[in-house]
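These are the residues of each chain, in order.
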Amino acid sequence: MKEDIHGGNLYRAARERGCRPSDLVDFSASINPLGPSLSVLRALRKSQWMLRHYPDPEAHDLVQALSRRSGLTPAHYLIGNGSMELLYLLPIALSITKALIIGPTFSEYERAVHRAGGHCTHVSASRADDYRPPIEEALDLMRTGKGRFDTVFLCNPNNPTGRVIGKGDLLKLVAALGDGHIWTIVDESFIEFAPEHSMLQEVSKHPRLLVLRSFTKFYAIPGLRIGYLAGQPDVVEQVRRRQPPWSVNVLAQAAALAGLKDTAYRKKTLALISDERTRLGRALREIPDLQVFPSEANFLLIELPASLRASDVAERLRDRGLLVRDCSTIAGLTERMVRVAIRTPRENDLLLRAIEAALHG
Ligand SMILES: Cc1ncc(COP(=O)(O)O)c(C=O)c1O
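Residues numbered from 1 in each chain as written. Predicted model: local features only at pLDDT ≥ 70, side-chain atom pairs only at ≥ 80, totals over all residues. Heavy atoms only, no water.

Naming follows an unreviewed UniProt entry, where the chain appears as threonine-phosphate decarboxylase of Nitrospira tepida.

Next comes the structure, spelled out in structure tokens:
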């Protein structure tokens, strides 16, 4: 497994550049560029007095709100310290040792399985196919490799390609895997951008299906750490038993609850990202020798011209105060791949100009 560095390490970039984190524009982590909504900030202020108490270990109010929205019962949910905490608990709680990962994708699935002593196989989308998720290939592998896998990990929409697996394909996959008692773990950290393909409500019908969700990206609160797992109550309970007590702090619970209720912020975000993804994508595609792949999420995967390496271009952009995600460390991608978040019009214009300059040395 290649050594991976995530996007969003603003602190290190600022130290290396001798500036403050706030002097940088972060395109390397795909966070809502509107920042936390006013309702979230208000909820944070209002819940300050709760800091003198331990957080609610059941995150009761948040679980109730999630359950009302989905029609699942509260017992279908487990709130975690970011979806990352839950992802790392899953292989331990469910004894996952032989995972198939549908890639190229987020590197933490593999790391979490390794951490629990297991190993992973990858089935990778191809560049020639614009990184369309290789669902048929995955199904074939499951059919021919009976007993070779106990779990399939996939991310929908996929990070870092932005491609979506359609709900029809997912249902086929989950049914086939469930028959073979194989877990399907769907990471829906970016599903707000393609909600019609969510598998959340399907967890009540499929005992081997688990869905991971995050509040981090859409609600712009990565510093608070909160996400959740949805699955059948007995499975969720197995994971809960492995979770340290009071994992999810008071402020994170209050912020997530306020964010969920804020439909105006949701609408504004979706409109902004859709408009800017189209505009930025179009402008980037006009730059000669730059390949921009289709994306339904709040980021774009870009292939640089053959003469350039992602690490060099990322460094040149960093020197101008812009951080992008060098994707060359992600299994299944090449040294020429970078991912950029969709941000505000002004910031996206800055990025465009900086990329043009960086490509010309
Ligand atoms: C696909 C994906 N899943 C999960 C996570 C972890 O998110 P959280 O902040 O909820 O732990 C990330 C963070 O970058 C991600 O990109």
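Having seen the structure, we can now continue with the description.
1. Looking at the overall build of the chain
Counted only if it meets this: Secondary structure elements follow DSSP: runs of H or I of four or more residues count as helices, runs of E of two or more count as strands, with numbering from the N terminus. The atom set for the radius of gyration is the C-alpha atoms, and the globule formula is 2.2 Å times the number of residues raised to the power 0.38. Each residue is placed in one exposure class: buried if its accessible area under a 1.4 Å probe, protein chains only, is under 20% of its type's maximum, exposed if it is over 50%, and partly exposed if it falls in between.
Scanning the chain from N- to C-terminus turns up 12 helices and 13 strands. In summary, the chain has a C-alpha radius of gyration of 20 Å against a globular reference of 21 Å for 361 residues, a match within 12%. The C-alpha extent of the chain, read off along each of the three principal axes, is 55 × 55 × 35 Å. Buried positions account for 57% of the 361 residues belonging to the chain.

2. Concerning the sheet that holds strand β8 (residues 227-230)
Heads up, the rule is: Here, a strand pair is defined by DSSP locating no fewer than two bridges between the strands. Lines are fitted to the C-alpha atoms to define the axes, a helix being fitted only along its stretch in contact, and any angle between axes, read from their N-to-C directions, falls within 0 to 180 degrees.
Pairing is mixed in the open sheet, where 7 strands are placed in the order β2-β8-β7-β6-β5-β3-β4. In the strand order of this sheet, the two ends are held by β2 (77-80) and β4 (119-124), each with one partner. When strand polarity is set aside, the average angle formed by the axes of neighbouring strands in this sheet is 20°. Taken together, the 6 bridges between strand β3 (residues 98-103) and β4 define a ladder with parallel strand orientation. If you follow Lys98 over to β4, its bridge partner there is His119.

3. So, empty space enclosed by the protein
A water-sized probe rolled over the atoms picks out the places where empty space is left. The cut-off we apply is this: For cavity detection a 1 Å grid was placed over the protein atoms alone, and a set of points counts as a cavity when a 1.4 Å probe fits there but cannot get out; an open set counts as a pocket when protein lies on both sides within 12 Å along at least five of seven lines, with lining residues being those that have an atom within 4 Å of a point. Grid points are joined across faces, edges and corners, and a volume is the space filled by probe spheres set on the points. Only Asp, Glu, Lys and Arg are considered charged, only Ala, Val, Leu, Ile, Met, Phe, Trp, Tyr, Cys and Pro nonpolar, and every remaining residue, Gly among them, polar.
In the structure shown here, the tally under the stated rule is 2 cavities of 30 Å³ or more. Within this model, the second largest cavity holds a volume of roughly 50 Å³. Lining the second largest cavity, in full, are Ile102, Gly103, Ala125, Tyr131, Pro133, Pro134, Leu154, Cys155, Asn158 and Ile165. Looking at the lining of the second largest cavity, the elements that each hand over two or more residues are β3 and β5 (151-155). For the lining of the second largest cavity, a count of residues per class yields 8 nonpolar, 2 polar and no charged.

4. Some details on the site of the ligand
Counted only if it meets this: If a single non-hydrogen atom of a residue is within 4 Å of a molecule or strand, that residue counts as near it. Each polar contact in these results corresponds to two N or O atoms within 3.5 Å; when the atoms are within protein, one needs to be able to donate a hydrogen and the other to accept it, and residues that are neighboring in sequence are counted only if both atoms are side-chain atoms. Residue exposure ignores everything except the shown protein chains as possible cover, and the areas themselves are Shrake-Rupley values with a 1.4 Å probe.
Near the ligand, the surroundings consist of 14 residues, among which Ser83, Asp187, Ser214, Thr216 and Arg225 are the closest. At a separation of 2.7 Å, an oxygen atom of the ligand approaches a polar side-chain atom of Arg225. For the ligand, whose free accessible area comes to 400 Å², the fraction covered by protein is 90%. Of the residues forming the shell around the ligand, the biggest block, 3 residues, is contributed by helix α4 (residues 82-93).

5. Remarks on the pattern of salt bridges
Working definition: two side chains of opposite charge can pair if their charged atoms are close together. Put simply, the rule is: A carboxyl oxygen of Asp or Glu within 4 Å of a side-chain nitrogen of Lys or Arg is what we treat as a salt bridge.
Scanning all chains against the criterion turns up 18 salt bridges. For Glu237, the salt bridge identified is with Arg240, shortest N-O distance 3.0 Å. One end of the pair is Glu237 and the other is Arg240, both in helix α8 (residues 233-240) and 3 residues apart, which spans about a single turn. Between Glu276 and Arg279 there is a salt bridge whose closest N-O contact spans 2.9 Å. Pair noted here: Glu276 and Arg279 are both in helix α10 (residues 263-285), with a separation of 3 residues, about one helical turn. Salt bridges sharing partners connect three or more residues here, namely Arg127, Glu303 and Arg336.

6. So, unusual backbone geometry
Residues other than glycine predominantly adopt negative phi, and peptide bonds predominantly adopt the trans conformation. Note the cis peptide between Gly103 and Pro104, where omega equals 0°. Turning to its location among the elements, Pro104 is positioned in the loop between β3 and α5 (108-115). Of note, the amide linkage connecting Asn159 to Pro160 takes the cis form, showing an omega dihedral of 15°. Within the fold, Pro160 resides in the loop between β5 and α7 (167-179).

7. Some words on the UniProt feature "domain: Aminotransferase class I/classII large" (unreviewed entry) in the chain
The following threshold applies: UniProt positions are given in the numbering used here, feature names are shortened, and annotations may be inferred rather than shown by experiment.
The UniProt feature table records "domain: Aminotransferase class I/classII large" (unreviewed entry) at residues 23-355. Along residues 23-355, the helical share is 38% and the strand share 16%, with 18 Å between the first and last C-alpha atoms.

8. Details of the nonpolar core
Heads up, the condition is: Nonpolar cores were defined as sets of buried Ala, Val, Leu, Ile, Met, Phe, Trp, Tyr and Cys residues, with membership established by side-chain atoms within 4.5 Å. Whether two residues are in contact is decided by their heavy atoms: any pair within 4.5 Å suffices.
With 83 residues, the main nonpolar core has Leu62, Ile79, Phe215, Ile226 and Leu284 as its most contacted residues. Aside from chain neighbours lying at most four places away, what touches Phe215 is Leu62, Leu66, Ala220, Ile221, Ile226, Gly227, Tyr228, Ala256 and Leu260. Counting 26 residues, the second-largest nonpolar core is a separate cluster that includes Ile101, Leu210, Leu229 and Val235.

9. Topic: the sheet that holds strand β9 (residues 291-292)
Taking strand neighbours across the sheet as the criterion, the 4 strands line up as β9-β10-β13-β12 in an open arrangement whose pairing is antiparallel. Single-partner strands in this sheet number two, and they are β9 and β12 (325-326). Pairing analysis gives 2 bridges linking β9 to strand β10 (residues 299-303), with the strands arranged antiparallel. Within the sheet, the bridge partner assigned to Val292 lies in β10 and is Ile302.

10. Structural notes on the packing of α4 against α5
Stated formally: To sort the angles, those under 35 degrees are grouped as roughly parallel, those over 145 as roughly antiparallel, those from 65 to 115 as roughly perpendicular, and the leftovers as oblique. The handedness criterion is simple: a crossing whose near helix is rotated anticlockwise from the far helix by less than a right angle is left-handed, and one whose near helix is rotated clockwise is right-handed.
Between α4 and α5, the shortest axis-to-axis distance is 8 Å and the interhelical angle comes to 45°. On the basis of the axis angle, α4 is oblique to α5. Judged by the twist between their axes, the crossing of α4 over α5 is right-handed. Residues Met84, Leu87, Tyr88 and Pro91 of α4 touch α5, and the partners they reach there are Glu108, Tyr109, Arg111, Ala112, Val113 and Arg115. When its residues are assigned to classes, the contact of α4 with α5 shows 7 nonpolar, no polar and 3 charged.

11. Notes on α4
Using the following cut-off: Under the convention used throughout, the expected extent of a helix is 1.5 Å for every residue step, that is, one less than its residue count.
The first and last C-alpha atoms of α4 sit 17 Å apart over 12 residues, in line with the 16 Å expected at 1.5 Å per residue. Across the 12 residues that make up α4, a large majority, 10, are buried. What α4 keeps buried is the set Gly82, Ser83, Glu85, Leu86, Leu87, Tyr88, Leu89, Leu90, Pro91 and Ala93. Directly beyond the C-terminal end of α4, a positive phi value near 50° is found at Ser95.

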